[in-house]
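Notes for the structure review
Listed here are the chains, written in short residue letters.
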There are 2 protein chains.
Amino acid sequence: MPSKSTAPITIDAIYAAPGYLFRRMQQIAVSIFMEECKPFDLTPVQYAALIAIHTHPGIDATRLSAVIAFDRSTLGSVIERLQAKDYIERKPAPEDKRIKLLYLTKSGAAILREIIPAVERAQARMLEPLKPTERKALMGLMAQLVDLNNEASRVPLRAEDALEHLGKVG
Amino acid sequence: MPSKSTAPITIDAIYAAPGYLFRRMQQIAVSIFMEECKPFDLTPVQYAALIAIHTHPGIDATRLSAVIAFDRSTLGSVIERLQAKDYIERKPAPEDKRIKLLYLTKSGAAILREIIPAVERAQARMLEPLKPTERKALMGLMAQLVDLNNEASRVPLRAEDALEHLGKVG
DNA sequence: TGTTGATTGACAGTATACTGACAGTCTAGG
DNA sequence: CCTAGACTGTCAGTATACTGTCAATCAACA
């Protein structure tokens, strides 16, 4: 390859591009998750939120958004839906009127216990086509890449910083 | 690890899960793409659609959705936006009144030429934190995984089947 | 030929995602 | 004390994504 020649404008270039592969794999991952977890009517994001609230009871929305890495704006509706399903409840923080603390309800804790096997099946299925060695390699590289690219996608707080504020809880 | 013990319900399990890593990496990829391509006001999906139409002029919406792997339903609004920006045009197919054929306009072809360098910068940035060997390994595994998992996410047609119908064009 | 079944594009409904803006609240500095 | 700046949750607006449905159209078979 002599110099930076103009790349041919072709759909094949797309298929090998990182951005395409990441988008496509995300689609596939969501599809598999929804299929395995259909009986529970929980999306991947809702599941992540429940886990995070379970791990850090009394977390607030902003810190939750940092912990599971998504936008504060989006979180509002996710929380609403989980609340409508009676899986979580919100209590105003006594010492700060801005903050609403999030807790799992009994139903929330129960569904979490029940859904875990389905989630694990889903996670396994995503990597099933690869050989065990390859799975390990891929997950290692992905973890590394996500970690090193963390700043690239705007999240209000890094997860660790967010958790400092919780201190004794969890 | 003795038997298949109940996994601890913890947020840390999420961070290592394939589903989380794929979702997070997709977020990061979109964010980087939007940053590099900000002057052009094109989303990753719109870019993919333009490339596909450029490669296969006169493609119809259903086949386009197969080629860039996303839902027919979503495609409608994407096409509308591209049409509003005057990057593509739709012509009714003479031999089949249901079908509307898609073509790039002059502006569409022009913006495609101009945006390519920015897109390539974005794609490079996504993998930048990794060493060259690791990049190659990751892309190889991702390509393999996406290919082998293709059936998992419902797409109306496989890309190759879709293209058979186009025959002479492209 | 005439009807069944498939295909196409469109739409409604739901759920992420992100930007930017906002009012209410809190905190620190003067 | 009091005001400037930061923080919290919320909302409006845009863009993917997916399910399911529908009317118009086409193709194939009885």
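Residues numbered from 1 in each chain as written. Chains lettered and ligands numbered in written order. Predicted model: local features only at pLDDT ≥ 70, side-chain atom pairs only at ≥ 80, totals over all residues.

1. Structural notes on the environment of Gln83(B)
Residue and element names in this part refer to chain B. Relative to the elements of secondary structure, Gln 83 occurs in helix α5 (residues 72-84). Separated by 21 residues in sequence, Gln 83 and Leu 104 have C-alpha atoms that sit 9.5 Å apart. Dropping the residues within four chain positions of it, Gln 83 is found in contact with Ile 88, Glu 89 and Arg 90. (Helix = DSSP H or I, 4+ residues; strand = E, 2+ residues; numbered from the N terminus. Contact = placed C-beta atoms within 7 Å.)

2. With respect to the protein's contact with DNA strand D
Surrounding DNA strand D, one finds 27 residues, the nearest of these being Asp60(A), Thr62(A), Thr43(B), Ser73(B) and Lys97(B). In terms of residue count, the dominant contributor to the surface near DNA strand D is α5(B) (five residues). Residues of the surface near DNA strand D, tallied by class, amount to five nonpolar, eleven polar and eleven charged. (Near = placed C-beta within 6 Å. Nonpolar A, V, L, I, M, F, W, Y, C, P; charged D, E, K, R; others polar.)

3. Some points on the confidence of the model for chain A
Low-confidence regions, as indicated by low pLDDT, have predicted coordinates that should not be scrutinised in detail. Per-chain confidence: chain A averages 89 in pLDDT, with 85% of residues scoring 70 or above. Of the regions scoring below 50 in pLDDT, residues 1-5 of chain A engages in zero contacts with residues more than four places distant in sequence or in other chains. (pLDDT = per-residue confidence, 0-100.)

4. Quick look at the sheet that holds strand β1 (residues 59-60) of chain A
All names here are of chain A. The strand order across the open sheet built from three strands is β1-β3-β2, with neighbouring strands paired in antiparallel fashion. Two strands close off the open sheet at either side, each with one partner strand: β1 and β2 (88-92). Relative to strand β3 (residues 100-104), β1 is paired through two bridges, and the arrangement is antiparallel. Paired with Asp 60 across the strands is Leu 101, a residue of β3. Docked against the sheet, helix α3 (residues 44-55) engages β1, β2 and β3, running at close to 100 degrees with respect to β3. (Pairing = 2+ DSSP bridges. Axes fitted to C-alpha atoms, helices over the stretch in contact; angles between N-to-C directions.)

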